[in-house]
Amino acid sequence: YMTTLELLTNLNSKDIEIWADGDRLRYNAPEGALTPDLRKELAARKSEILALLRQNDTVTSSASFPLKPVSRDGDLPLSFAQERLWFLHHLEPDSAAYSMSRRTRLKGVLSKDALEKTYVELARRHETLRTTFHPTDGNPVLRIAAEPNILFDAVDLRHLPAVEREAEARRLSEEDARKPFDLTLGPLFRVQLFQLEDQEHVLHFNMHHIISDGWSMGVMAREIVALYTAFIKGKPADLPELSVQYADYAVWQRQWLQGEALEAQLTYWKDKLSGELPVLELPTDRPRPAVQTHRGTMESLALPMELTDALRAMSRREGVTLFMTLLAAFKTLLYRFSWQDHIVVGAPIANRTQVEVEGLIGLFSNTLALHTYLSGNPSFIELLAKVRGIVLDPYDHQQLPF
């Protein structure tokens, strides 16, 4: 037996759109996707589907709540995600755990002046790069500097022996990455440019997570290329002016996420997170420490193209995304080493549900708790079907701050 939610999930995987039009149920489907059996199922469950769609509209009706510029007079609130980072910063004010640093090698002729102007213009375009955070009557507020103030430090290492330059650039950049930010003092964004050879540099930048996220890195990369190219050519950059800024989003979020919309999100997640939540017990080489540390690292690997293509093909056959397939594989791995059949994985999500914020630098990301039950020794294909359901449903309730 397939529940109504599972039926809608199945339709979604087949690119079949279903929506309510008053008391009528409408659809848009690829040719041949809506089989006679599915049509009968839709007709039989019309009332249930309409009720579920209307409930979902209440949860996700943020799109109908306009995001628009607000006055900059007076104090401005933090977004819920920024408030989370503010809290964590005050738990460990000397920690650099939430600093986001990147190091990039640049080869070829480089104009330091054009590069510095690029970062200044980037901060002019994005208010979040000019933002600081201040306690006021027990609650933090954000303040936006009128003019950009980027810390751009150009360091020439050519006076050192050639074999030492690389190591010195790494040492200085790692030293900067470990240096915490003071959220009340700007800027929360630092740039270092190390010159190794006449036409070889290492660019290092560091910013606090409270003003940025993973998606923002892509926005920054695109705009830096466009701005630097424009300064070199002496022409205006081909970048549109931003219709809203991050502070507008923070106000919008707090105005929308209250009352009925908030209650609908809370009800869903209270149900999902009720009861005793499992603690993953992996057989690690040392016991879990009593006090959390940040002495971690990353392990990366590249999957062969043939395997990647095969995984994509299987995902299409099963009506799931590649993310769902890889998540199912990861859950299988965790099950193999823990033998626990209830596993919760935290998955970061971009959480940019409004088109106006897609081109902004700022902290929008959220975390979803994805539950999976592996009891009954399911096959991998059966597990994939479960994972599809447990991914799509939380994504519809992604706007409640973690």
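Just above sits the structure.
Asks: How would you sum up the packing of aromatic side chains? Please name residues and give values.
Replies: Applying the stated criterion across every chain, the model contains ten aromatic pairs. Between Tyr-335 and Trp-339 the ring centres are 5.4 Å apart and the planes differ by 75 degrees, which places this aromatic pair in the edge-to-face class. Chaining the aromatic ring pairs together yields one cluster made of Tyr-246, Tyr-249, Trp-252, Trp-256 and Phe-364. In this structure, Arg-190 packs its charged tip against the face of Phe-181, placed 4.1 Å from the ring centre. Between the NZ or CZ atom of Arg-254 and the centre of the ring of Phe-80, over which it lies, the distance is 4.2 Å.

Asks: Any details on empty space enclosed by the protein? Residues and values, ideally.
Replies: Inspection of the entire model under this criterion finds four cavities of 30 Å³ or more. Around the largest cavity, the lining residues are Leu-85, Leu-88, His-89, Glu-92, Ser-95, Ala-96, Ala-97, Tyr-98, Ser-99, Pro-180, Phe-181 and His-208. In terms of residue count, helix H4 (residues 80-91) provides more of the lining of the largest cavity than any other element does, three residues in total. Across the lining of the largest cavity, the residue classes break down as seven nonpolar, four polar and one charged.

Asks: Quick rundown of the pairing of strand E7 (residues 151-156)? Include the residues and the values.
Replies: In the sheet, E7 pairs with strand E8 (residues 189-197) via six bridges, with the strands oriented parallel. Bridging across to E8, Phe-152 finds its partner in Val-191. Regarding the hand of the β-α-β motif, the stretch spanning E7, helix H6 (residues 162-177) and E8 is right-handed.

Asks: Outline the sheet that holds strand E4 (residues 99-107), supporting the account with residue identities and numerical values.
Replies: Taken in spatial order, the four strands line up as E4-E9-E8-E7 in an open sheet, and their pairing is mixed. Each having just a single partner strand, E4 and E7 make up the two edges of the open sheet. On average, each strand axis in the sheet is tilted by 15 degrees relative to the strand beside it, whichever way the strands run.

Reading guide: rules and limits
- Residues numbered from 1 in each chain as written.
- Predicted model: local features only at pLDDT ≥ 70, side-chain atom pairs only at ≥ 80, totals over all residues.
- Heavy atoms only, no water.
- Phe/Tyr/Trp six-rings, centres within 6.5 Å; stacked < 30°, edge-to-face > 60°.
- Lys NZ or Arg CZ within 6 Å of the ring centre and 35° of its normal.
- 1 Å grid on protein atoms, 1.4 Å probe; cavity = no way out; pocket = protein on both sides within 12 Å on 5 of 7 lines; lining within 4 Å.
- Points joined across faces, edges and corners; volume = space filled by probe spheres on them.
- Helix = DSSP H or I, 4+ residues; strand = E, 2+ residues; numbered from the N terminus.
- Nonpolar A, V, L, I, M, F, W, Y, C, P; charged D, E, K, R; others polar.
- Pairing = 2+ DSSP bridges.
- Right-handed = clockwise from strand over helix to strand, strands pointing away.
- Axes fitted to C-alpha atoms, helices over the stretch in contact; angles between N-to-C directions.

So, to be careful, I would describe these as geometric facts and stop short of saying anything about function.
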